[in-house]
Amino acid sequence: MRQVKLATSPFRNVKIEDVKAGLEASRLPTDQVGYYFHPTVVNTGSKLVLIDTGNGPGSMAGGTGMTPANLAAAGIDPKSIDIVLISHFHGDHISGVRSTDGALAYPNAEIMVPAKEWAYWADEGNASRAPQPQQATFQNTKRIFGPIADKVTKYEWGKEVTPGITARDTNGHTPGHTSFIVASGSSSVLIQADVTAGYAPLVVTNPTWQVGGDMDGTQAETTRRKLYDQLAADKMLLSGYHFPFPSLGYIEKAGSGYRLVPAPWNPAI
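Residues numbered from 1 in each chain as written. Predicted model: local features only at pLDDT ≥ 70, side-chain atom pairs only at ≥ 80, totals over all residues. Heavy atoms only, no water.

**Observations regarding the overall build of the chain**
In plain terms, the rule: Segments assigned H or I by DSSP are reported as helices when at least four residues long, segments assigned E as strands when at least two residues long, and all are numbered from the N terminus. Here the radius of gyration uses the C-alpha set of atoms, whereas the globule reference equals 2.2 Å times the residue count to the power 0.38. Using a 1.4 Å probe on the protein chains alone, a residue whose accessible area is under 20% of its type maximum counts as buried, one over 50% counts as exposed, and one in between counts as partly exposed. Here the open area of atoms and residues is found with the Shrake-Rupley method and a 1.4 Å probe, where only the protein chains shown may cover a residue. Counting rule applied: Lys, Arg positive; Asp, Glu negative; His and chain ends not counted. The location of each charge is read from NZ of Lys, CZ of Arg, CG of Asp or CD of Glu.
Assigned secondary structure in the chain consists of 8 helices and 14 strands. Here the C-alpha radius of gyration of the chain, 18 Å, is about what a compact globule of 269 residues would show, namely 18 Å. For the chain, the spread of C-alpha atoms along the three principal axes comes to 45 × 45 × 35 Å. In the chain, which comprises 269 residues, the proportion classed as buried is 48%. For the chain, the accessible surface area stands at approximately 12900 Å², while carbon and sulfur atoms represent 52% of it. In the chain, 23 positive and 24 negative side-chain charges are present, and the distance between their average locations comes to 1 Å.

**So, the nonpolar core**
Rule in force here: For this analysis, a nonpolar core means a set of buried residues of the types Ala, Val, Leu, Ile, Met, Phe, Trp, Tyr and Cys, connected via side-chain atoms within 4.5 Å. By definition in these notes, contact holds between two residues if any of their heavy atoms fall within 4.5 Å.
I81, F89, Y106, V113 and F145 are the most contacted members of the largest nonpolar core, which totals 25 residues. Listing elements by their share of this core, those giving two or more residues are β4 (48–51), β6 (110–114), α4 (115–121) and α6 (132–145). What V113 contacts, discounting residues up to four positions off in sequence, is I86, F89, W118, F145, V152, T153, K154 and Y155. Formed by 15 residues, the second largest nonpolar core is a distinct cluster that contains I16, L23, Y199 and L202.

**Re the sheet that holds strand β10 (residues 178–184)**
Under the convention used in this document: Here the rule is simple: two strands pair whenever DSSP picks up at least two bridges between them. For helices, the fitted line uses only the C-alpha atoms of the stretch in contact; every axis is such a line through C-alpha atoms, and the angle between N-to-C directions lies from 0 to 180 degrees.
Read across the open sheet, the 7 strands follow the order β8-β9-β10-β11-β12-β13-β14; overall the sheet is mixed. Strands with a single pairing partner mark the edges of an open sheet, and in this sheet they are β8 (160–162) and β14 (257–262). Strand-to-strand twist in this sheet, taken as the mean axis angle between neighbours without regard to direction, amounts to 35°. The pairing of β8 with strand β9 (residues 165–169) spans 2 bridges and is classified as antiparallel. Looking at β9, one finds that E160 is bridged to T166. With respect to the sheet, helix α8 (residues 217–234) is in contact with β9, β11 (187–191), β12 (237–239), β13 (248–254) and β14, its orientation differing from that of β13 by roughly 100°.

**Focus: the packing of aromatic side chains**
Note the threshold: Any Phe, Tyr or Trp ring, taking Trp's six-membered ring, that has another such ring centre within 6.5 Å forms a pair; planes under 30 degrees apart are called stacked, those over 60 apart edge-to-face, and the others tilted. Comment: the charge-over-ring label is applied if NZ (Lys) or CZ (Arg) is within 6 Å of the ring centre and within 35 degrees of the ring normal.
Following the criterion strictly, the structure yields 12 aromatic pairs and no others. When the ring of F245 is compared with that of W265, the centres are 4.9 Å apart and the planes differ by 65°; the resulting orientation is edge-to-face. A residue pair is termed long-range when its members are at least 10 positions apart, and F245 in the loop between β12 and β13 and W265 in the segment after β14 qualify at 20 residues. A relative accessible area of 54% means that F245 is categorised as exposed. Taken together through their ring pairs, the aromatic side chains of F89, W118 and F145 make up a single cluster. The aromatic ring of W118 is capped on one face by K154, whose charged end is 4.3 Å from the ring centroid.

Quick look at the structure:
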């Protein structure tokens, strides 16, 4: 987790006073915001899949970049990862593809990315037209993927990327932003990546709030409402990349927004 002092509003369309009121209503400090990062490992039975890689080594986001160490603590050798599955190209999701020395952190893994995300960020024309805040993502995309561009697998929405994991269109946060449905028998969980980004619980409650990283704020809201209406109706388990630990819960409708009901945490593995 990374704690950031709240000097200005992290939302484009919300005053800082309203953000502080939302934090206070959640019984949280009003002078800072905690940002959480949760890469996920899925064992499909035949493949070991890492979904997103975190901020990576040397990250300016203090307290993050610990994915390899956390994997080691869980007894997972980075060399045993079969697939690195990327939801979108923001730095806190792709920078961990490479280790401190620039080598691939998961040397035996197939790297899979959304085709529409690749088409946007790999386009030099888009880079020349994009506003300044996006330039870092274009540069980081080139750093991470440029040397292995011909080896990266591009996947499409609505299809299984590997047996048991299906890619779902949740664009808005970025043009190719993708979530994943992980299914086993009659059970399933949706891994939402950044459908709600930043301090995610505030956006769950206030789905009109547009975090700075939402490239198309209107589409991002449309996407989260459509998705959350379905999750609430289906009572489907949800994992949020930026949710507080354990980053699992259920969505319920609450007034004009939603409520996250945290799943009970079972420490037994």
